[in-house]
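As a plain string of letters, each chain reads:
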Amino acid sequence: MPPSHTPFGRLLRYGDLWLAFGVLGTVLLLILPIPPFLLDTLLAMSIALSTLTLLVILYLKEPSEFSSFPVLLLFLTLFRLALNVASTRLILLDGYAGHVIEAFGSFVVRGNYVVGLVVFLILVLINFIVITKGAGRIAEVAARFTLDALPGKQMSIDAELNAGLIKEDEARARRRHVEQEADFYGAMDGASKFVRGDAVAAVLITIINVLGGFGIGILQKGMTMGEAIQRFTLL
């Protein structure tokens, strides 16, 4: 049986439709409250999708082979922001956001909010100074050099075609490859700016969680100052 006639192949044919449903569900996630068990499932899904995307990228021969990566990166970033909003809603309302978040707070920093604060600041510095800034610069330089070299590559293909070194079909395929490469690096340059904004939003959301949870714990839930700091800072 051909792959396109299998159940999984038929699902892949409607990839654009599934992506549209995913975006709609992400938007609803920003608005509607969800139970903790569903948040646990979505957090596990986010980690799995990120890991799967990383593995796919590692086995690529050329970046342009994964032409949908900028769109996928934007979707995963939006999905992660929606999860941040959903977890914020649960943390501030119930002081509990599922087993995944609580496990990270209890296991990674061993329930010590001071250690958690220090580790968080270190991760923020690594994210901004090393990862986000470096990746954005790489995408910017790659897009610039690729777009600058585009006219020369097109002229080289035309010259080889006129000299009879390649045929029309090969020239057309090489032109299409050059155009896809330019489109890919241009889209990656824009996507890197979006990811940098996501990093800033994540830091602001965390600060709001701590301050808002501290106020809600003391004023509404009757916690002591130490209990509020311990509970909401870990979450």
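Everything here concerns the structure above.
A. Region of interest: the nonpolar core. If you look at the biggest cluster of nonpolar residues, it comprises 15 residues, and the most contacted ones within it are Leu29, Ile34, Leu39, Leu42, Leu83, Ala97 and Ile101. Among the secondary structure elements, those contributing two or more residues to this core are α3 (36-58) and α4 (69-94). If you look at the next biggest cluster of nonpolar residues, it comprises eight residues, including Phe66, Phe69, Leu73 and Phe184.

B. Structural view of the packing of α3 against α4. Axis separation between α3 and α4 bottoms out at 11 Å; the angle between their running directions is 155°. By the angle between their directions, the pair α3 and α4 is classed as roughly antiparallel. For the pair α3 and α4, the sense of crossing is left-handed. Between α3 and α4, the residues in contact are Pro36, Leu39, Leu42, Leu43, Ser46, Leu49, Thr53 and Ile57 and Phe69, Leu72, Leu76, Phe79, Leu83, Ala86, Ser87 and Leu90, respectively.

C. A look at the packing of α4 against helix α7 (residues 168-219). At a minimum axis distance of 9 Å, the contact between α4 and α7 shows a crossing angle of 5°. By the angle between their directions, the pair α4 and α7 is classed as roughly parallel. Tallied by class, the residues present in the contact of α4 with α7 amount to 18 nonpolar, six polar and two charged.

D. Fine view of the side chain of Thr53. With respect to the helices, strands and loops of the structure, Thr53 is situated in helix α3. Discounting chain neighbours no more than four positions away, the residues touching Thr53 are Phe66, Phe69, Leu72 and Leu76.

Basis of the calculations
Per chain, residue numbering runs from 1 following the sequence as it is written. Thresholds applied to this predicted model are a pLDDT of at least 70 for local features of residues and 80 or more for the giving and counting of side-chain atom pairs; totals over whole chains, interfaces and linings are not thresholded and use all residues. With hydrogens and water stripped out, all remaining heavy atoms of the structure feed into the side-chain values. Put simply, buried Ala, Val, Leu, Ile, Met, Phe, Trp, Tyr and Cys residues joined by side-chain atoms within 4.5 Å make one nonpolar core. The classification of residues rests on relative accessible area computed with a 1.4 Å probe and restricted to protein chains. Under 20% of the type maximum is buried, over 50% is exposed, and intermediate values are partly exposed. By the criteria applied, helices consist of DSSP H or I runs no shorter than four residues and strands consist of E runs no shorter than two, each listed in order from the N terminus. Axis angles are defined between N-to-C directions and span 0 to 180 degrees, where every axis is a line fitted to C-alpha atoms and, for a helix, only to the segment in contact. Angles below 35 degrees are treated as roughly parallel, those above 145 as roughly antiparallel, those between 65 and 115 as roughly perpendicular, and all remaining angles as oblique. Crossing chirality is assigned from the near helix's rotation relative to the far helix, an anticlockwise turn below a right angle marking it left-handed and a clockwise turn marking it right-handed. Contacts are residue-level and defined by heavy atoms, with any inter-residue pair within 4.5 Å sufficient. Residues are grouped as follows: nonpolar covers Ala, Val, Leu, Ile, Met, Phe, Trp, Tyr, Cys and Pro; charged covers Asp, Glu, Lys and Arg; every other residue, Gly included, is treated as polar.

Everything listed here is a matter of geometry and, on its own, says nothing about what the molecule does.
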